[in-house]
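Residue-level structural notes
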There are 2 protein chains.
Amino acid sequence: MYINTLSHYLPSEVIGNEYFTNLNNLSSEWIVERTGIYERRKAAQGENTSTMAIEAVKLLLEDNIPFSKNEIDLIVGGTYTPYDTIVTVAHAVQHHLALPDIPVVTISSACSSLLNAIEIVEGYFAMGKASKALVVVSDHNTAYYNESDTVSGHLWGDGASAILISKERQSDSDMQIKKLITGGAATSGKAIEAVVLRPNERGVIMPFGRDVFQNACIYMPKVSQQVLQACGLTINDLDYLIPHQANHRISLNVINTLGIPAEKLISNIQYLGNTGCAGCAIALSENRSRFVKGQNIVITVFGGGYSYGAMLITI
Amino acid sequence: MYINTLSHYLPSEVIGNEYFTNLNNLSSEWIVERTGIYERRKAAQGENTSTMAIEAVKLLLEDNIPFSKNEIDLIVGGTYTPYDTIVTVAHAVQHHLALPDIPVVTISSACSSLLNAIEIVEGYFAMGKASKALVVVSDHNTAYYNESDTVSGHLWGDGASAILISKERQSDSDMQIKKLITGGAATSGKAIEAVVLRPNERGVIMPFGRDVFQNACIYMPKVSQQVLQACGLTINDLDYLIPHQANHRISLNVINTLGIPAEKLISNIQYLGNTGCAGCAIALSENRSRFVKGQNIVITVFGGGYSYGAMLITI
């Protein structure tokens, strides 16, 4: 399958580290040293997971898409920070696009949701029930975070991305998805308590950040190797790695384990924070123009709960 | 694909209509006349979407399942009333089953989630990425409802179901899934405002119940006919219909439109209320022993947002 085009939407408000210095007495140096984050975006009043996804879709459609939007025959949404669990983000997008009678569903595997969403698209393509899918990933972390939480309040940012994916190649500029692997890892470490978002309790908290860190550093390199091997490639064939944007120290640890140089690492956490399941899609969208024909890119994710995945894209 | 076995879990506390008479001055006659509901179950303190799903899985495994639980290679959860959006219901079940490194994801298309979950399983089977799946559907409506809401407070109940589905037939008692269709209908009527659950606002509310009613009565008969036609069957070949358990008047309207007699309708709303996406699965589980070889059963769903689906099962 092929990524035809993609877009990203970021709220305009920028929250610098000084906000958390004022609020929680955390110095910018302390935050940067531990997370790599300098600033992040915060959705405005009235914005939410669904409105951000719709904005990303609008930007997508401003591009030259290789077929009419009316040919979209599947919408899969991904989020763990839902505005509405009934009128899900995918349904809000369906409404916006005025596309009746196509499968529409929203999923969560936390920060791994991007790859689970694309794997579900792969399944619809395999069944022959769809051939032109729209994936939207959107996380509105600031709707659920506690900004006064000195453990994780400063980590979170908001953002969304929209990705058009077709079963068959539509144009020369399509990016091919060569291999996609996902897995739940709820049996590992402190999976079911390390990072949680219980809407009826107290939003997103991370009581065991160290366990998340350790497992992310194990799973992302491992599954990245697996997608490369499955395609007969080695780490030397890799041009860029886009890991889940949870913490820049995790990303550095992952490339260190894989033995790839820093210039092959693509990151946006420095200026966006952890934008949840949207982070890697935003990074792919931001960097689309620098990729050159023939290059191999791996997106690898790790999510609370736990879950993991990797996807090999060839330009 | 084949349903090998299924189970259901219901919390023990029964809430009769007199509870809402005392609370909201709604007479039992008024509730029954409008909804068909006499009583519903309410999860106990400490129970939630995930614990109910795990209880359903425990009951499933007490049955003779046709293969080792260690052969399960996919878990798909469905809920619109999540206990945790990061450690999703599917991840909680993965943890309980101690089954590492298989795809795990939780989805929502509101009350349609059962059929979207099974369609995602169908996709994994088509890709060859799984062959023995566990679907869990669980809704904890009372975690999000406002019991004082005189419009919809009395409708909701809690419950869960677990379903084992294999790509190939495992035994003579398997039920075959012959055809499955799902669709989003967020373009119809007041889809994006008629029934909503915004966790950060005020839980589940139904400002336009009449619009939900009308659309449910249009979509469920239509898609039921579609799955039958796709298999070369007519309504006369149908032995039982299990519609989404939202309101008994909707169910009666649906069988009236389809022209099938009341004895072919399977309902549990009278004693369980609207148990969300678990309702039809619970009904299938409750009635498993009455089905006879060769019978055709249609499960049809309609969910807020909107979304719809139908699945033809042959015993």
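Keep in mind the model is a prediction, meaning the values are calculated, not measured.

Criteria and cut-off values
- Residues numbered from 1 in each chain as written.
- Chains lettered and ligands numbered in written order.
- Predicted model: local features only at pLDDT ≥ 70, side-chain atom pairs only at ≥ 80, totals over all residues.
- Heavy atoms only, no water.
- Helix = DSSP H or I, 4+ residues; strand = E, 2+ residues; numbered from the N terminus.
- Rg over C-alpha atoms; globule rule 2.2 N^0.38 Å.
- Buried < 20%, exposed > 50% of the residue type's maximum accessible area, 1.4 Å probe, protein only.
- Contact = heavy atoms within 4.5 Å.
- Areas by Shrake-Rupley, 256 points an atom, 1.4 Å probe, with all protein chains shown as cover.
- Lys, Arg positive; Asp, Glu negative; His and termini not counted.
- Charge placed at Lys NZ, Arg CZ, Asp CG, Glu CD.
- Least-squares fit on C-alpha atoms with pLDDT ≥ 70 in both.
- Polar contact = N/O pair within 3.5 Å; in protein donor to acceptor, adjacent residues only side chain to side chain.
- Axes fitted to C-alpha atoms, helices over the stretch in contact; angles between N-to-C directions.
- Parallel < 35°, antiparallel > 145°, perpendicular 65-115°, else oblique.
- Left-handed = near helix turned anticlockwise from the far one by under 90°.
- Nonpolar A, V, L, I, M, F, W, Y, C, P; charged D, E, K, R; others polar.
- Phe/Tyr/Trp six-rings, centres within 6.5 Å; stacked < 30°, edge-to-face > 60°.
- Lys NZ or Arg CZ within 6 Å of the ring centre and 35° of its normal.
- Buried area = accessible area lost by both parts, 1.4 Å probe.
- Salt bridge = Lys/Arg side-chain N within 4 Å of Asp/Glu carboxyl O.
- Domains from an automatic or database assignment.

**Observations regarding the overall build of chain A**
The secondary structure content of chain A amounts to nine helices and 13 strands. Rg of the C-alpha trace for chain A: 18 Å, near the compact-globule value of 20 Å for 315 residues, within the 12% margin. Each of the three principal axes of chain A carries a C-alpha extent, and together these read 50 × 45 × 35 Å. Going through the 315 residues of chain A one by one, you find that 65% of them count as buried. Across chain A, contacts joining residues at least 24 apart in sequence account for 75% of those joining residues at least 6 apart. When the accessible surface of chain A is split by element, carbon and sulfur atoms take 46% of a total near 10400 Å². Placing the 22 positive and 29 negative side-chain charges of chain A at their respective mean positions leaves the two points 5 Å apart.

**Brief notes about the relation of the copies chain B and chain A**
Overlaying chain B on chain A yields an RMSD of 0.0 Å, the required transformation being a rotation through 180° with an accompanying axial translation of 0.0 Å. In the structure described here, the two chain copies are related by an operation that fits a two-fold rotation axis.

**Considering the side chain of A:Thr81**
Residue and element names in this part refer to chain A. With respect to the secondary-structure elements, Thr81 resides in the loop between strand S4 (74–78) and helix H4 (89–97). Note on Thr81: relative accessible area 1%, which makes it buried. At 2.6 Å, the side chain of Thr81 and the side chain of Asp139 are in polar contact. Those residues within four positions of Thr81 in sequence are excluded, and the remaining contacts are Thr49, Ser138, Asp139, His140, Asn141, Tyr144 and Leu197.

**Describing the packing of helix H6 (residues 209–230) of chain A against helix H7 (residues 248–258) of chain A**
Residue and element names in this part refer to chain A. Relative orientation of the contacting elements H6 and H7 amounts to 45°, with a least axis distance of 9 Å. Taken as axis vectors, H6 and H7 run oblique relative to one another. Crossing angle aside, the handedness with which H6 passes H7 is right-handed. Taken together, the residues of H7 that come into contact with H6 (itself represented by Phe213, Ala216, Cys217, Met220, Pro221, Ser224 and Gln225) are Arg249, Ile250, Asn253, Val254, Thr257 and Leu258. Here the contact of H6 with H7 is built from residues that sort into eight nonpolar, four polar and one charged.

**Brief notes about the packing of aromatic side chains**
All names here are of chain A. Using the criterion set out here, one finds 10 aromatic pairs over all chains in the structure. With a centroid separation of 5.3 Å and 80° between ring planes, the pair formed by Tyr19 and Phe20 is classed as edge-to-face. A residue is classified by how much of its surface remains accessible, and Phe20, at 1% relative accessible area, is buried. Grouped by ring-pair contacts, the aromatic residues Tyr219, Phe302, Tyr306 and Tyr308 constitute a single cluster. The cationic tip of Lys132 hangs over the ring face of Phe67; the distance from NZ or CZ to the ring centre is 5.3 Å. A cation sits over an aromatic face here: Lys190 above Phe208, 4.8 Å from the ring centre.

**Describing the interface of chain B and chain A**
Taken together, the contacts link 58 residues of chain B with 58 residues of chain A. Here chain B meets chain A over a buried area of about 4600 Å², counting both sides, of which 55% is carbon and sulfur. Three residues, B:Thr85, B:Ile86 and B:Thr187, lead the burial of chain B against chain A; their summed loss comes to 14% of the area buried on that side. The interface formed by chain B and chain A includes six salt bridges. Ionic pairing is found between B:Lys129 and A:Glu119, a salt bridge with its closest N-O pair at 2.6 Å. Inspection of the chain B/chain A interface yields 42 residue pairs in polar contact (both at pLDDT 80 or more). For the side of chain B that touches chain A, the elements supplying multiple residues, two or more each, are helix H4 (89–97), strand S5 (104–108), helix H5 (113–127), strand S8 (175–184), helix H6 (191–194), strand S9 (196–198) and strand S13 (307–314) of chain B.

**Describing the domain arrangement of chain A**
In many reports, interface size means the accessible area that the parts give up when they come together. All names here are of chain A. Splitting chain A by domain gives domain 1 (2–166) and domain 2 (175–314). A C-alpha centroid distance of 16 Å is found between domain 1 and domain 2. Carbon and sulfur atoms supply 66% of the area buried between domain 1 and domain 2, which totals about 3600 Å² over both sides. The three residues of domain 1 that bury the most area against domain 2 are Ile3, Cys111 and Leu115, which together make up 18% of that side's buried surface. Scanning the region where domain 1 abuts domain 2 turns up zero salt bridges. Across the domain 1-domain 2 interface, the total number found is 17 residue pairs in polar contact (both at pLDDT 80 or more). Residue assignment for the side of domain 1 that touches domain 2 shows that the elements contributing at least two residues are strand S1 (2–9), helix H2 (28–35), strand S3 (39–42), helix H5 (113–127), strand S6 (132–140) and strand S7 (158–166).

**Brief notes about unusual backbone geometry**
The step from A:Gly305 to A:Tyr306 runs through a cis peptide bond, and the omega angle for that step is -20°. Among the structural elements, A:Tyr306 can be located in the loop between strand S12 (296–303) and strand S13 (307–314). Positive phi, close to 60°, is recorded for A:Asp101, a residue that is not glycine. Here A:Asp101 lies in the loop between H4 and strand S5 (104–108). Positive phi values are uncommon outside glycine, yet B:Asn25 reaches one of about 65°. Here B:Asn25 lies in the loop between helix H1 (17–24) and helix H2 (28–35). Look at B:Asn25 and you get exposed, because its relative accessible area is 69%.

**Structural notes on the pattern of salt bridges**
Residue and element names in this part refer to chain A. Evaluation of the coordinates by the stated rule reveals 12 salt bridges over all chains. With its nearest N and O atoms 3.2 Å apart, the salt bridge here joins Lys58 to Glu55. Note that Lys58 and Glu55 are positioned in helix H3 (residues 49–62) at a spacing of three residues, about one turn of the helix. Looking at Lys58, the relative accessible area reads 36%, which means it is partly exposed. On the accessibility criterion, Glu55 (28% relative accessible area) is partly exposed.

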